[in-house]
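Chain by chain, the residues:
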Amino acid sequence: MSNLNDAREEANRYAKARQMTEQGYTARPVGEVEGTYFVQNPKGDLYIVMFFDNAPARCQCPDWKERERDCKHIMWLRSELETAAQLAQYEAEYGACELESTGIDPYPQY
Ligand SMILES: [Zn+2]
């Protein structure tokens, strides 16, 4: 397969990953196993996705098994996790700033 076809396929895979939240894909951690998640498609099929510190991510889907490279599940989940982490950080920073400058909890009801 040519590099150009590889690049096209990769772009296509990424484009698919960007639509997955809208299509109803969900993810949840697998118990206490760090970096391991169930990804569920809208039909209810489950794939286990695993992230590692010093190795490429793995998935159980046919696409990953065939190529052993990031599939759409990995791309999607990585992006979801980064967004969630970023939101949590903004929230933490914003809350901390408010408390420091005024000493008043801006959201006492929560
Ligand atoms: Zn996959």
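No experiment lies behind these values; they were computed from the predicted model shown. (Residues numbered from 1 in each chain as written. Predicted model: local features only at pLDDT ≥ 70, side-chain atom pairs only at ≥ 80, totals over all residues.)

Brief notes about the overall build of the protein
Logical step 1: When you go through the protein residue by residue, the secondary structure sums to four helices and four strands.
Logical step 2: Starting at the N terminus, the α and β elements of the protein follow one another as α-α-β-β-β-β-α-α.
Logical step 3: The buried share among the 110 residues of the protein stands at 15%.
Logical step 4: Once local pairs closer than 6 in sequence are excluded, the contacts in the protein between residues at least 24 apart make up 29%. (Helix = DSSP H or I, 4+ residues; strand = E, 2+ residues; numbered from the N terminus. Buried ≥ 20, exposed ≤ 12 C-beta atoms within 10 Å, placed from the backbone. Contact = placed C-beta atoms within 7 Å.)

A word on the pairing of strand β1 (residues 26–29)
Logical step 1: Judged from the four bridges that link them, β1 and strand β2 (residues 36–40) form a sheet pairing that is antiparallel. Each residue of the ladder has a partner; that of A27, found in β2, is V39.
Logical step 2: Connecting β1 to the antiparallel partner β2 that follows it, the hairpin turn spans six residues, and G31 within it adopts a positive phi of roughly 50°. (Pairing = 2+ DSSP bridges.)

Quick notes on the pairing of strand β3 (residues 46–50)
Side-chain direction in a regular strand flips from residue to residue, so the side chains alternate between the two faces of the sheet.
Logical step 1: In β3, alternate side chains face the same way, and those of Y47 and V49 are buried while those of L46, I48 and M50 on the opposite face are not.
Logical step 2: Bridging between β2 and β3 involves five bridges; their strand directions are antiparallel. Following the sheet pairing, V39 is matched in β3 by Y47.
Logical step 3: Between β2 and β3, which pair antiparallel in sequence order, lie five residues; one of them, G44, sits at a positive phi of approximately 105°.
Logical step 4: Note: β3 against strand β4 (residues 58–59), two bridges, orientation antiparallel. Each bridged residue has a counterpart across the sheet, and for M50 the counterpart in β4 is R58.

Considerations on the environment of G35
Logical step 1: Examined against the element boundaries, G35 turns out to sit in the loop between β1 and β2.
Logical step 2: Separated by 18 residues in sequence, G35 and D53 place their C-alpha atoms 9.0 Å apart.
Logical step 3: Sequence-distant contacts of G35, that is, excluding residues within four places in its chain, are made with M50, F51 and F52.

A word on the nonpolar core
Logical step 1: Grouped together as the largest cluster of nonpolar side chains are 13 residues, with contacts concentrated most on V39, V49, C59, I74, W76 and L77.
Logical step 2: Apart from the residues within four sequence positions on either side, L77 is in contact with A27, Y37, V39 and V49. (Core = buried A, V, L, I, M, F, W, Y, C linked by C-beta atoms within 7 Å.)

Things to note about the sheet that holds β2
Logical step 1: Overall, antiparallel pairing links the four strands, which are arranged β1-β2-β3-β4 in an open sheet. Taken across any chain shown, the strands that pair with only one partner, and hence form the sheet edges, are β1 and β4.

Quick look at the confidence of the model for the protein
Logical step 1: Per-residue confidence for the protein averages 88 on the pLDDT scale, and 85% of its residues sit at or above 70.
Logical step 2: Per-element confidence in the protein ranges from a low mean pLDDT of 82 for helix α4 (residues 72–102) to a high of 98 for β4. (pLDDT = per-residue confidence, 0-100.)

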